[in-house]
Amino acid sequence: MTGRNRTADAALAAGGAVLLAATAVPLAASWGGLYWLPGLLAGAAVVGTALLRRRAPFATAVAGLLGGVLAVAAARTGGFPVEPQPALALGLAVLTGGAVRRLDPPRAAVLAGAALLVLAAGPLLSARATSGGATAVAVADVLAWVAGAGGGLWLRLIAVRRQELASAVRREERLVLARELHDVVAHHVTGIVVQAQAARVVARRRPERLEESIRGIEEAGSEALTAMRRIVGLLRDTADAAPASGATERLDELVRRFEAGEARAVRLELPAATTAWAPELTSTVYRIVQESLTNVARHAERAGTVSVRVTESPADVTVAVTDDARAARPVKPGGFGLIGMRERVEALGGQLQAGPREPHGWAVVARLPR
């Protein structure tokens, strides 16, 4: 559970407790006896159920509806105060919002309609001839429903919009990756053509070395096929497809542009040589550094130290971009840029971690297989 969810649940619990007390105390003073107790128990049960809405949105919404119906029936038959009371209405409104936000449209619509019926008709059905204010209770309950259902719908639309934007980012960057595929294939095919031309010369002058030349052509063809499989895998329109960057692979120029634009130094550490890297690996390394520096510019204006460190081993290449900004940072810096980084790294068989670092600052660390 995120901090925002914990805060929302704490507010719901506190608001429910206040409403329960604000209803039970006047009822105990005016009605006497234990007439206040059934409403308090019903409201507490529905509010408690609403606290579990994220684990099972459908089951908790159904349970809340049953609680509301039972409360109305008990008030009608037992002569208790009008139901649903404010705390129960709050819990049912929150459950309605959770259902509208998370469930499929048919079930969400049915549950929302049933909740509206309980909240609107319940006060009128449970009121006795001597009861007063049933209409005012019904209006208040309906307003609570409007707030809950409207909030759930708004959050649902935000989630849908975010998914659409993420899909648009993936499609746009796949077009860039298609151009990169052309460059990679052209690079490898050019090498094959050169080796084939050399093999013709070898066949005429030194036939005994022809097999070695053919072996070189075979290896170059295998490398080309491997690179093509990787990039075509990134281009496939699947849930785990990854975007890519078609920018150059010169990190030193990228860092210099960042330093000139942001007026702050970057400590850059690179391996001695990177000639053995595959093209898709070098472009991914560049993309990670580019997006990480962009996030520093957006979210870490007070960072005093920015470090870009690229290291390699026989098995993998590690990219680490860190800063020491003390200001709070978003959980997902860069928004869709982080989506692009993570998906591309994972598509190449690597791992990416992004988050706060001790004692303060932010770190992006990616490990990519060679």
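A few points on the structure. These numbers come from a predicted model, not from an experiment. (Residues numbered from 1 in each chain as written. Predicted model: local features only at pLDDT ≥ 70, side-chain atom pairs only at ≥ 80, totals over all residues. Heavy atoms only, no water.)

### Some words on the sheet that holds strand β4 (residues 351-356)
Phase 1: With mixed pairing, 5 strands are arranged side by side in an open sheet as β1-β2-β3-β5-β4. Among the strands making up the open sheet, the edge pair consists of β1 (266-269) and β4. Averaged over all pairs of adjacent strands, the angle between their axes in this sheet comes to 5°, without regard to strand direction.
Phase 2: Pairing of strand β3 (residues 316-323) with strand β5 (residues 362-369) involves 8 bridges; the strand directions are antiparallel. Paired with Val-321 across the strands is Val-364, a residue of β5.
Phase 3: On the sheet, helix α9 (residues 279-299) packs against β2 (306-312), β3 and β5 and is oriented at approximately 10° with respect to β3. (Pairing = 2+ DSSP bridges. Helix = DSSP H or I, 4+ residues; strand = E, 2+ residues; numbered from the N terminus. Axes fitted to C-alpha atoms, helices over the stretch in contact; angles between N-to-C directions. Contact = heavy atoms within 4.5 Å.)

### Comments concerning the pattern of salt bridges
Phase 1: With the rule as written, the count across this model stands at 5 salt bridges.
Phase 2: For the salt bridge of Arg-107 with Asp-104, the shortest nitrogen-to-oxygen distance reads 2.8 Å.
Phase 3: Residue classification places Arg-107 among the partly exposed positions, given a relative accessible area of 37%.
Phase 4: Exposure remark for Asp-104: the relative accessible area of 31% places this residue in the partly exposed category.
Phase 5: Notably, a salt bridge pairs Arg-309 with Glu-269, separated by 3.2 Å at the nearest N-O pair. Of this pair, Arg-309 sits in strand β2 while Glu-269 sits in strand β1; the two residues are 40 residues apart in sequence, bridging distant segments of the chain.
Phase 6: Through salt bridges with shared partners, a single ionic network connects Asp-9, Arg-53 and Arg-54. (Salt bridge = Lys/Arg side-chain N within 4 Å of Asp/Glu carboxyl O. Buried < 20%, exposed > 50% of the residue type's maximum accessible area, 1.4 Å probe, protein only.)

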